[in-house]
Amino acid sequence: MINHEELFSRACRVIPGGVNSPVRAFNGVGGTPLYVESGKGSKIHAADGRTLTDFCCSWGAMILGHAHDEVVAAIRARAAKGTTFGINTPDEVLFAERLCSLVPCLERVRLVNSGTEAVMTALRIARGVTGRKRIIKFDGCYHGHSDSMLVSAGSGVLTGGMVSSLGVPRHVASDTFVAPYNDINAVNALIREKGAEIAAIIVEPVAGNMGLVMPEPGFLAKLRRSADRCGALLIFDEVINGFRFNFSSYAKLAGVNPDLITLGKVIGGGLPLAAVGGAAVFMDELAPHGKIYQAGTLSGNPLAVAAGLKTLEVLERDDPYPRMAQLGRRMAETVNKAAAAKGAGLHCAQHNGVFTLFCTGDAPVRNLAAAKRCDTQAYARLFHALLKRGYYLPPSQFEVGFISAAHSEAEVMAFAQDVADAWA
Ligand SMILES: *Cc1c(COP(=O)(O)O)cnc(C)c1O
């Protein structure tokens, strides 16, 4: 049995802040970060001996649950045959064919190792093909940690963004405009002033990085028209959305065609894999055919492709989407009914198997400004109360929880009841 506090203090001596990704440090909820030894299905086993029902699921990557037998077997079989060659493999062709046939706006797709890389490449393509440099993003949408995306809203929409990290040059940030999510008027005002300079509008179609925030009816279609009006590319960052709500993109569900799309999380089956794709006219501008450079030693990594292919195969065969949606709906109904009876202050936002327990009486949350009005201390208390009861939630108010295909109805309904009880 391992003491988490001891492990974390050792970690802090050799890893910055003790973690390899900031949110794992529990700064949003306080307390000692968790260490996990193993996981199976919906459960994770912590190094200190606790077993928890996992509603974070590696930020959605583990849609089939942890250590799915068939995915593990596929990885094992592939590993025995070599894990990387720096040479093409047959399966990466198969995987790209699968993605292109399943996602409507994909004619070409390139595999990379992380969502950050996929977005960075999408932005470079947009700048390369338009010859413009400015980007419109939305406040509260996260697109990985490349320089132009580490930008938050400035004093006014038209002034360009402010750096949200040291080390990002001011001039890079000023090329990114930040509009409020769900605010088409702000986008159109920007386009009236600066339309000729905009290379791309990038959005998470369903926002999952300020808590769950749904696009209002027509918002995404209007973005398509706004992008067309000024000649900018429309990029849907579907690193969370893709293959999460259906066996395709959210773009397909919304009936909107972006020019470029980024995928990650689910499609990697728990290994480092992401993708950027879109229309051939844009994608073929990438090297070696075109003049926009992009590369990767481990891109299209055989192990990751094996996990991704098997995950897609199981998703298609088992079609867990209706069941995850139903469980999500019933969970949210139970929580919201109980919260209303207790005088609100808590609202479960939910879409299919994705949810956020917003500690606010002010629902629905439609943008970052509203999300920020949540009581983060109340969320921290709720998080720890639920941790005590055996549940692992995202350790921050501004993230989304996930129900996987491995969660049972009994587990989800017990969780809903425990949320209701813990919300005192
Ligand atoms: C997670 C995420 C990313 C970044 O992906 P990484 O693999 O962590 O680099 C980008 N965009 C969205 C919408 C994400 O949720």
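Participant: Any chance you could explain the sheet that holds strand β9 (residues 198-203) here in plain terms?
Facilitator: Remark on secondary structure: sheet strands pair via backbone hydrogen bonds, oriented parallel or antiparallel. Pairing in this open sheet of 7 strands is mixed, and the strands run β4-β12-β11-β10-β9-β5-β8 from one edge to the other. Each having just a single partner strand, β4 (108-112) and β8 (176-180) make up the two edges of the open sheet. Across the sheet, the mean angle separating the axes of adjacent strands is 20° when strand polarity is ignored. Taken together, the 3 bridges between strand β5 (residues 134-139) and β9 define a ladder with parallel strand orientation. From the neighbouring strand, arginine 134 faces β9, where its bridge partner is isoleucine 198.

Participant: I keep staring at the packing of helix α13 (residues 376-388) against helix α14 (residues 409-422) and nothing clicks. Help me out?
Facilitator: The description of two packed helices rests on the angle between their axes and on the distance between the axes. Running from N to C, α13 and α14 cross one another at 130°; their axes reach a closest spacing of 10 Å. One finds that α13 runs oblique with respect to α14. Relative to α14, α13 is oriented so that their crossing is right-handed. Residues Leu382, Ala385 and Leu386 of α13 form the contact with α14, whose participating residues are Phe415, Asp418, Val419 and Ala422.

Participant: For this particular structure, what's the right way to read the side chain of serine 226?
Facilitator: Inspection of the secondary structure assignment puts serine 226 in helix α7 (residues 219-230). Setting aside anything within four residues of it in sequence, one finds serine 226 in contact with Ile184, Val187, Asn188, Ile191 and Ile201.

Participant: Would you explain the site of the ligand in this entry?
Facilitator: If you check the shell around the ligand, you find Ser114, Gly115, Thr116, Tyr142, His143, Gly144, Glu204, Asn209, Asp237, Val239, Ile240 and Lys265 and nothing else. In this structure, asparagine 209 approaches the ligand through a side-chain N or O atom, which is 3.2 Å from an oxygen atom. Expressed as a share of its isolated accessible area of 380 Å², the protein-covered part of the ligand is 82%. The class makeup of the residues in the shell around the ligand is 3 nonpolar, 6 polar and 3 charged.

Participant: Looking at this structure, how should I read the sheet that holds strand β15 (residues 391-392)?
Facilitator: Spatial ordering of the open sheet is given by β1-β2-β3-β15, a layout of 4 strands whose pairing is mixed. Both edges of this open sheet fall to β1 (36-40) and β15, since each of them pairs with a single strand only. Where strand β3 (residues 51-54) and β15 come together, 2 bridges link them in parallel fashion. Across the sheet, residue aspartate 54 finds its bridge partner in β15, namely tyrosine 392.

Participant: It is not clear to me how helix α6 (residues 184-194) should be interpreted in this structure. Could you clarify?
Facilitator: Because each turn of an α-helix spans 3.6 residues, side chains separated by three or four positions end up pointing in the same direction. Among the residues of α6, those classed as buried are Ile184, Ala186, Val187, Asn188, Leu190 and Ile191. Contacts made by the buried residues of α6 are with β5, β8, β9 and α7. Regarding α6, its N-cap is aspartate 183, as a side-chain oxygen of that residue lies 3.2 Å from the backbone nitrogen of asparagine 185 further along.

Participant: Could you clarify how one ought to interpret the domain arrangement of the protein chain in this entry?
Facilitator: How big an interface is tends to be expressed through the accessible area that disappears when the partners come together. Partitioning the protein chain into structural domains gives domain 1 (4-63 + 320-422) and domain 2 (70-317). Just the C-alpha atoms count here: the centres of domain 1 and domain 2 sit 25 Å apart. Both sides of the domain 1 and domain 2 interface together cover about 2,200 Å² of buried area, and 63% of this is carbon and sulfur. Per-residue buried area on domain 1 facing domain 2 is highest for Tyr321, His351 and Arg366; these three make up 29% of the total on that side. The tally of links from domain 1 across to domain 2 stands at 1 salt bridge. A salt bridge links glutamate 216 to arginine 366, with the shortest nitrogen-to-oxygen separation between them at 2.5 Å. Counting across the interface, domain 1 meets domain 2 through 8 residue pairs in polar contact (both at pLDDT 80 or more).

Participant: Which parts of the structure should I look at to understand the packing of aromatic side chains?
Facilitator: Each aromatic ring pair is specified by the distance between its two centres and by the angle formed by the two planes. Counting across every chain of the model gives 13 aromatic pairs. Judged by centre distance (5.4 Å) and plane angle (70°), the rings of tyrosine 181 and phenylalanine 219 are edge-to-face. Of this pair, tyrosine 181 sits in the loop between β8 and α6 while phenylalanine 219 sits in helix α7, and the two are 38 residues apart along the sequence. For the pair tyrosine 181 and phenylalanine 219, one class covers both residues: buried. On the basis of an interplanar angle of 75° and a centroid distance of 6.2 Å, the ring pair of phenylalanine 383 and tyrosine 392 is categorised as edge-to-face. Under the relative-accessibility criterion, phenylalanine 383 is labelled buried at 1%. Grouping aromatic residues by their ring pairs yields a cluster made of Phe55, Phe355, Tyr391 and Phe415.

Parameters and conventions
Residues numbered from 1 in each chain as written. Predicted model: local features only at pLDDT ≥ 70, side-chain atom pairs only at ≥ 80, totals over all residues. Heavy atoms only, no water. Pairing = 2+ DSSP bridges. Helix = DSSP H or I, 4+ residues; strand = E, 2+ residues; numbered from the N terminus. Axes fitted to C-alpha atoms, helices over the stretch in contact; angles between N-to-C directions. Parallel < 35°, antiparallel > 145°, perpendicular 65-115°, else oblique. Left-handed = near helix turned anticlockwise from the far one by under 90°. Contact = heavy atoms within 4.5 Å. Near = heavy atom within 4 Å. Polar contact = N/O pair within 3.5 Å; in protein donor to acceptor, adjacent residues only side chain to side chain. Areas by Shrake-Rupley, 256 points an atom, 1.4 Å probe, with all protein chains shown as cover. Nonpolar A, V, L, I, M, F, W, Y, C, P; charged D, E, K, R; others polar. Buried < 20%, exposed > 50% of the residue type's maximum accessible area, 1.4 Å probe, protein only. Domains from an automatic or database assignment. Buried area = accessible area lost by both parts, 1.4 Å probe. Salt bridge = Lys/Arg side-chain N within 4 Å of Asp/Glu carboxyl O. Phe/Tyr/Trp six-rings, centres within 6.5 Å; stacked < 30°, edge-to-face > 60°.

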